[in-house]
Amino acid sequence: MELEPELLLQEARENVEAAQSYRRELGQRLQGLKEARRQIKESASQTRDVLKQHFNDLKGTLGKLLDERLVTLLQEVDSIEQETIKPLDDCQKLIEHGVNTAADLVQEGEIALLGGVGEQNEKLWNFTQKASHIQLDSLPEVPLLVDVPCLSAQLDDSVLNIVKDHIFKHGTVASRPPVQIEELIEKPGGIIVRWCKVDDEFIAQDYRLQFRKCTSNHFEDVYVGSETEFIVLHIDPNVEYQFRVCARGDGRQEWSPWSVPQIGHSTLVPHEWTAGFEGYSLSSRRNIALRNDSESSGVLYSSAPTYFCGQTLTFRVETVGQPDKRDSIGVCAEKQNGYDSLQRDQAVCISTNGAVFVNGKEMTNQLPAVTSGSTVTFDIEAVTLGSTNNNEGGNFKLRVTISSNNREVVFDWLLDQSCGSLYFGCSFFYPGWKVLVF
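Calculation criteria
Residues numbered from 1 in each chain as written. Predicted model: local features only at pLDDT ≥ 70, side-chain atom pairs only at ≥ 80, totals over all residues. Heavy atoms only, no water. UniProt positions renumbered as here; feature names shortened; annotations may be inferred. Helix = DSSP H or I, 4+ residues; strand = E, 2+ residues; numbered from the N terminus. Rg over C-alpha atoms; globule rule 2.2 N^0.38 Å. Buried < 20%, exposed > 50% of the residue type's maximum accessible area, 1.4 Å probe, protein only. Areas by Shrake-Rupley, 256 points an atom, 1.4 Å probe, with all protein chains shown as cover. Lys, Arg positive; Asp, Glu negative; His and termini not counted. Charge placed at Lys NZ, Arg CZ, Asp CG, Glu CD. Pairing = 2+ DSSP bridges. Axes fitted to C-alpha atoms, helices over the stretch in contact; angles between N-to-C directions. Patch = residues over 30% accessible without salt bridge, like charges linked within 9 Å, V, L, I, M, F, W, Y side chains within 5 Å. Salt bridge = Lys/Arg side-chain N within 4 Å of Asp/Glu carboxyl O. 1 Å grid on protein atoms, 1.4 Å probe; cavity = no way out; pocket = protein on both sides within 12 Å on 5 of 7 lines; lining within 4 Å. Points joined across faces, edges and corners; volume = space filled by probe spheres on them. Nonpolar A, V, L, I, M, F, W, Y, C, P; charged D, E, K, R; others polar. Domains from an automatic or database assignment.

Per an unreviewed UniProt entry, the protein goes by the name Cytokine receptor-like factor 3 and belongs to Rhinolophus ferrumequinum. One UniProt comment on the protein, placed under Sequence similarities (unreviewed entry), says "Belongs to the cytokine receptor-like factor 3 family." Word for word, the UniProt comment on the protein under Subcellular location (unreviewed entry) is "Cytoplasm".

When you go through the protein residue by residue, the secondary structure sums to four helices and 21 strands. For 438 residues, the compact-globule formula gives about 22 Å, and the C-alpha radius of gyration of the protein, at 45 Å, lies well above that figure. Expressed along its principal axes, the backbone C-alpha trace of the protein runs to roughly 160 × 85 × 35 Å. In the protein, buried positions account for 29% of the 438 residues. Carbon and sulfur atoms make up 51% of the accessible area of the protein, which amounts to about 29200 Å² in all. The average position of the 42 basic charges and that of the 63 acidic charges among the side chains of the protein differ by 8 Å.

Turning to the sheet that holds strand β5 (residues 229-233), a few remarks are in order. Adjacent strands of a sheet pair through backbone hydrogen bonds, lying either parallel or antiparallel. Spatially, the three strands line up as an open sheet ordered β1-β2-β5, and their pairing is antiparallel. Of all the strands in the sheet, the pair left with one neighbour each is β1 (179-187) and β5. For this sheet, the mean inter-axis angle between neighbouring strands, taken without regard to orientation, is 25 degrees. Pairing geometry for strand β2 (residues 190-197) and β5, over five bridges, is antiparallel. Directly across from Ile191, in β5, lies its bridge partner Val232.

Another aspect to go through is the UniProt feature "coiled-coil region" (unreviewed entry) in the protein. Feature annotation in UniProt assigns "coiled-coil region" (unreviewed entry) to the following positions: residues 9-43. From the first C-alpha to the last, residues 9-43 spans 51 Å; its make-up is 100% helix and 0% strand.

Spatial strand order, β4-β3-β6-β7: four strands in an open sheet with antiparallel pairing. Two strands lie at the open edges of the sheet, namely β4 (220-225) and β7 (262-264), each paired on one side alone. The average angle at which neighbouring strand axes cross in this sheet is 30 degrees, direction not considered. As paired strands, strand β6 (residues 241-249) and β7 are joined by three bridges and run antiparallel to one another. By the bridge assignment, Gln242 is partnered in β7 with Ile263.

Bringing the environment of Ile162 into the picture now. Checked against the element boundaries, Ile162 lands in helix α4 (residues 158-169). With 196 residues separating them in the primary sequence, Ile162 and Val358 have C-alpha atoms 71 Å apart.

A word on a nonpolar patch on the surface. The grouping of Leu62, Leu65, Val159, Leu160, Val163, Ile167 and Phe168 at the surface amounts to a nonpolar patch, some 660 Å² of accessible area in total. Counting only elements with at least two residues in the nonpolar patch, the list comes to α1 (5-114) and α4. Here the nonpolar patch takes five residues from α4, the largest share from any one element. Tracing the sequence through the fold places Val159 in helix α4.

Now for the pairing of strand β12 (residues 312-319). As paired elements, β12 and strand β17 (residues 375-383) share five bridges and run antiparallel to each other. Bridging from a neighbouring strand, Arg316 pairs with Thr375 of β17. With four bridges connecting them, β12 and strand β21 (residues 434-437) associate as antiparallel partners. Of the residues in β21, the one forming a bridge with Val317 is Val435.

Pairing between β17 and strand β18 (residues 396-404): eight bridges, direction antiparallel. When the bridges of β18 are listed, Thr377 appears paired with Ser403.

Empty space within the largest pocket amounts to approximately 1900 Å³. Contributing elements (two or more residues each) for the lining of the largest pocket: α1 and β6. In terms of residue count, the dominant contributor to the lining of the largest pocket is α1 (12 residues). Of the residues belonging to the lining of the largest pocket, the class tally is 17 nonpolar, 14 polar and 13 charged. The residue makeup of the lining of the largest pocket includes at least three contributed by each of domain 1 (11-142) and domain 2 (179-266). For the second largest pocket, the calculated volume is near 450 Å³. Forming the walls of the second largest pocket are 13 residues, and the residues nearest its centre are Leu66, Asp156, Val159, Leu160 and Val163.

Right under this line is the structure:
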C-alpha cells in the first residue's frame, strides 16, 4: 500500500532529522574518543618525563651522597694517619739525633786513639769525660708493628643488595589514580567538591584537594584531611576553575597520582553582608562579619536578597562571644530597620542558645546551642497553597529546615506575600562573634 505524498514527505523529513541527530551523536562520541586518546597520550608522555627526571635526579643525588661519604672516609683516613704518624716522627727525630751524636763521638774517639797514650793524654781524658755524660746504653723504645695502626676499609657488600632491592621496588606506574572527583556543586561564592575512591583495594588515610583558575599555571592546596567533600570558598562568579585530588595510603608518606582535573564554575552571586553597618567589621569579600566593640546594636542584613528557595544557605560560626537570648541568625522576607533581632514577624532564625523563632514566636523544638565551629544551614522550599491563578493576595507558605550540630527542625513558615528571594541576617549583643556565610 502506497503512502500519501504528504505522509511520505513527512516520514522523509523525520528520517533526515533522525539521521542528522544520529550523526551529531556519533560526532560527539568521536570527540569523546579523541579526548580519551589525547588524555592517554599526554599522560603517558608526562609520566615518561616525570620518570626520567626523577631517576636522573636520583642518580645525581646518590652520586653526590656517595661522593660525600667517600670524602668523609678519606678524611677519617687522613686524620688517623696524621695522629698516629706524629709519635713515630718524634721518635725518629730522637733516634736520628742519637745517631748523629754517636757518630760524632766515634769520630772524636778514633782521633784520640790515634795519638797514643803519652801524646794524646788530654784528648783521651776529654773524650772519656764526654762519653761518660752520654747514655750510650739508653735506647728509645720503638713500637712493634702489632702496636701501631694498620688501616683498612671495611665495606659491607650487602648494601649493594639492599640498595638494589629498594631500587627494583622504587616507583610504580598507575594506569589510573585511586581517587577521582565525582561531583562539583555550585554555591554562592563557592563550589562543593566531592570525590570518591575508584580503587577498592586502596585504603586511603588522607586526601589532598587542590584548585586553580583555568588561566593560572599554579595549583594551590585548599584541603588536606579524611573527608571526601569540601567546599572551596572565595570563588569568583562565572570564572572557570580546575580541581584535582589525590590520596595518601594508610601508613604511607607519599601521595598518589593526581585525579583527572575537573573544570567547574559558579553562576551564583556570592552572599555578602551589608558594608558600613556600625557594630560589625567585614572581611575583604564581605562574607565574614565580626561583631566589634561598638555599642551600636541592630540586625546586620545581607547586601541584597541573594538567597533563593531550593538552595542551601550556610552559616559557619568562626568565633564566639558572650551569648544572649536575643541573638539571632536567620533569613527574612525584607529588611526592617529598627529591630535589634530577627526574632520578629516575617523572619525565621535561631538564637545562640539554640531556640528557634518563626515570625517572632519561639518554637517548642530547639537545636543545640551555637558554639565555635558550629554550622547552621537553612533549606527552604516553596509550598503551593490554594489557587495559583492571577496575582491574588493571601498567605504564602515555605517549608523550612534548619540544621545545626547534626540535628534539625522542620516547620512551615507563613509569609504575607510570595518572595522570589530572601535576605539573611544576624544580630549579636556582645562582641567576639564571627560568622561566615556561603
